[in-house]
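In case you want the letters, here they are:
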Amino acid sequence: VQLQASGGGAVRTGGSLTLSCVLSGRTYSSYAMGWFRQAPGKERDFVAAITWGSGSTDYADSVKGRFTISRDNDKNTVYLLMNSLKPEDTAVYYCAADLSHAGYGIHRALEYDYWGQGTLVTVSS
């Protein structure tokens, strides 16, 4: 299983970016995909998640109304549209795949079995 994240970059406050994450390998057993982020000196935090089947979503309170997660089942790709970006959104963003569906909840890092390499998002004021 491999995850390839892309789309990071540098934007000004209020700008937008779209991150993509392609899942390859044992895709048939994947239950959900999530995005997490880690700012310098901080822990990795949940951002958003989506299930492949029903498309159910979950968001961190800090990004609700600004970020939208979506998926393309045919392309095994998950997107994170980020609008109204703020300096506090600056972080390395990681996508993750939940294959085992352990039941911890798609908002928890423990739920995920595989992680991508991360893509850096920098928001300047």
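None of the values given here were measured: they were computed from a predicted structure.

Another point: the overall build of the protein chain. Looking only at helices and strands, one finds zero helices and eleven strands in the protein chain. When the elements of the protein chain are put in sequence order from the N terminus, they spell out β-β-β-β-β-β-β-β-β-β-β. In summary, the protein chain has a C-alpha radius of gyration of 13 Å against a globular reference of 14 Å for 125 residues, a match within 12%. For the C-alpha atoms alone, the extent of the protein chain along its principal axes is close to 40 × 25 × 25 Å. A fraction of 55% describes how many contacts in the protein chain between residues 6 or more apart in sequence connect residues 24 or more apart. Working note: accessible area of the protein chain is about 6,200 Å², and carbon and sulfur atoms make up 47% of it.

What follows concerns the state of the cysteines. Taken as a whole and assessed by the stated rule, the structure comprises one disulfide. The disulfide bridge from cysteine 21 ends at cysteine 95, spanning 2.1 Å between sulfur atoms. Across the disulfide from cysteine 21 to cysteine 95, rotation about the S-S bond amounts to roughly 60 degrees, and the bridge is consequently right-handed. Residue cysteine 21 is found in strand S3 (residues 17–24), and its partner cysteine 95 is found in strand S9 (residues 91–98); the two are separated by 74 residues along the sequence. The pair cysteine 21 / cysteine 95 is uniform in exposure class, with both members buried.

By the bridge criterion, five bridges tie strand S1 (residues 2–6) to S3 in an arrangement that is antiparallel. In the sheet register, alanine 5 faces S3, and the bridge partner there is cysteine 21. Pairing between S3 and strand S8 (residues 77–82): six bridges, direction antiparallel. Within S8, the position partnered with leucine 17 by the bridge is methionine 82.

It is worth spelling out the sheet that holds strand S7 (residues 67–72) at this point. One open sheet holds the four strands; their spatial order is S1-S3-S8-S7, and the pairing between them is antiparallel. Two strands bound the open sheet, and with one partner strand each, they are S1 and S7. Geometrically, the sheet is characterised by an average inter-axis angle of 15 degrees between neighbouring strands, direction not taken into account.

This paragraph deals with the packing of aromatic side chains. Tallied over the entire structure, the rule returns four aromatic pairs. Aromatic rings pair up to connect Phe36, Phe46, Tyr112 and Trp115 into one cluster. Above the ring of tryptophan 115, the side-chain terminus of arginine 44 is found at 4.9 Å from the ring centroid.

Scanning the entire structure with this criterion turns up three salt bridges. Between arginine 37 and aspartate 89 there is a salt bridge, and its shortest N-O distance comes to 2.9 Å. One end of the pair, arginine 37, is in strand S4 (residues 32–38); the other, aspartate 89, is in the loop between S8 and S9, with 52 residues separating them in the sequence. Between aspartate 61 and lysine 64 there is a salt bridge, with the nearest N and O atoms lying 3.2 Å from each other. Salt bridges linked by common partners bring Arg37, Arg66 and Asp89 together as one network.

What counts and how
- Residues numbered from 1 in each chain as written.
- Predicted model: local features only at pLDDT ≥ 70, side-chain atom pairs only at ≥ 80, totals over all residues.
- Heavy atoms only, no water.
- Helix = DSSP H or I, 4+ residues; strand = E, 2+ residues; numbered from the N terminus.
- Rg over C-alpha atoms; globule rule 2.2 N^0.38 Å.
- Contact = heavy atoms within 4.5 Å.
- Areas by Shrake-Rupley, 256 points an atom, 1.4 Å probe, with all protein chains shown as cover.
- Disulfide = S-S within 2.5 Å.
- Buried < 20%, exposed > 50% of the residue type's maximum accessible area, 1.4 Å probe, protein only.
- Pairing = 2+ DSSP bridges.
- Axes fitted to C-alpha atoms, helices over the stretch in contact; angles between N-to-C directions.
- Phe/Tyr/Trp six-rings, centres within 6.5 Å; stacked < 30°, edge-to-face > 60°.
- Lys NZ or Arg CZ within 6 Å of the ring centre and 35° of its normal.
- Salt bridge = Lys/Arg side-chain N within 4 Å of Asp/Glu carboxyl O.

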